[in-house]
Amino acid sequence: MATIELRDLNPAEFNNNLIVYGNIGVGTAPSYDLHVKPTAGNADFVVEKASAVSILVQANSTIGKIGTQTNNDVQFITNNSTKMTLGNGGNVGIGTTSPNEVLEVKSSGTTRIRIDSADSGASSLDLHDNGSLGARINCDSAKNLELMAGGRTGGDLTILASNGNVGINESAPSKKLSVNAGSTGTVAEFKSTGTTAK
């Protein structure tokens, strides 16, 4: 099959349909259906609707970019249905096209988010405040649940997977509720403002 090269055309115009059987190269001998590789500078590919959305695909010296150049959302689809939306303000929605938070996950029925450790390590969700660890929800290798606050890495509250025992400042509670106050004299305090409290 013959190769056709168009050089130094300013511009090259085709007023009717152009059908190409084979690869198309822009700035390069093509290795793909459409291969854009300029001799210098970034490689940019833009899809734009007149006076509307402009989508950029760019390869530069350090990163790749894909998204809108206009003030519009980006939607990711499978089976011709939107599955994830990146809003123009930066919010990400999975299962929703109008996310109201930085990350919003929505589905019909029970909605689950799965965090899985591929080895015997723990699975954790860390909550940070301005770069510092504030709290952690942790599932250890024995499937015990640990809740930690104040940047601490030990279990402030532990729920054992084996029997459901709950420990406060106690990593191996032997009773349904075990509270370890350490050297503090007061172990627990219960208060009520009601006169009929029991």
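Above this text you will find the structure in question.
Reading the values: rules and limits
Residues numbered from 1 in each chain as written. Predicted model: local features only at pLDDT ≥ 70, side-chain atom pairs only at ≥ 80, totals over all residues. Heavy atoms only, no water. Helix = DSSP H or I, 4+ residues; strand = E, 2+ residues; numbered from the N terminus. Polar contact = N/O pair within 3.5 Å; in protein donor to acceptor, adjacent residues only side chain to side chain. Contact = heavy atoms within 4.5 Å. Pairing = 2+ DSSP bridges. Axes fitted to C-alpha atoms, helices over the stretch in contact; angles between N-to-C directions. Salt bridge = Lys/Arg side-chain N within 4 Å of Asp/Glu carboxyl O. Buried < 20%, exposed > 50% of the residue type's maximum accessible area, 1.4 Å probe, protein only.

Q: Even after reading the chapter, I still don't get the side chain of S117, so can you show me in this structure?
A: Relative to the elements of secondary structure, S117 occurs in the loop between β9 (103-105) and β10 (123-129). A distance of 3.3 Å separates the side chain of S117 from the backbone oxygen of G121, its partner in a polar contact. Not counting the four nearest positions on each side in its chain, S117 is found in contact with A122 and S123.

Q: What is the right way to read the sheet that holds strand β8 (residues 92-94) from this model?
A: Backbone-to-backbone hydrogen bonds join strands into a sheet, with any given pair of strands oriented parallel or antiparallel. Spatially, the 4 strands line up as an open sheet ordered β6-β7-β8-β9, and their pairing is mixed. Looking at which strands have only one partner, the edges of the open sheet turn out to be β6 (74-78) and β9. Taking each pair of neighbouring strands and ignoring which way they run, the sheet shows an average axis angle of 20 degrees. In the sheet, β6 pairs with strand β7 (residues 81-86) via 5 bridges, with the strands oriented antiparallel. Bridging from a neighbouring strand, I77 pairs with T82 of β7.

Q: Sorry, what's going on with the sheet that holds strand β15 (residues 177-179) here?
A: Within the open sheet, the 6 strands sit side by side as β10-β11-β12-β13-β14-β15. Their pairing is mixed. Each end of this open sheet is capped by a strand with a single partner; those strands are β10 and β15. Neighbouring strand axes in the sheet, compared pairwise and without regard to direction, differ in orientation by 15 degrees on average. In the sheet, strand β11 (residues 132-139) pairs with strand β12 (residues 145-149) via 5 bridges, with the strands oriented antiparallel. Bridge pairing links R136 to M148 in β12.

Q: Got a minute to help me understand the pattern of salt bridges in this structure?
A: Side-chain pairs of opposite charge can arise where the charged atoms are in close proximity. Enumeration over the complete set of coordinates arrives at 4 salt bridges. One salt bridge in this structure joins D116 and R114, with 3.1 Å as the shortest N-O distance. No difference in accessibility class separates D116 from R114, as the two residues are exposed. Note that D126 is salt-bridged to R136, the shortest N-O span being 2.7 Å. In this pair, D126 sits in strand β10 while R136 sits in strand β11, placing the two residues 10 residues apart along the sequence.

Q: Help me understand the pairing of strand β3 (residues 43-48), please; the structure alone is not making it clear to me.
A: Along any regular strand, the residues point their side chains to alternate faces of the sheet. One ladder, built from 6 bridges, connects β3 with strand β4 (residues 54-59); its direction is antiparallel. Paired with F45 across the strands is V57, a residue of β4. With antiparallel pairing between neighbouring strands as the criterion, β3 and β4 make up a hairpin whose turn holds 5 residues, including S51 at a positive phi of roughly 55 degrees.

In short, shape yes, function no, at least from these values alone.
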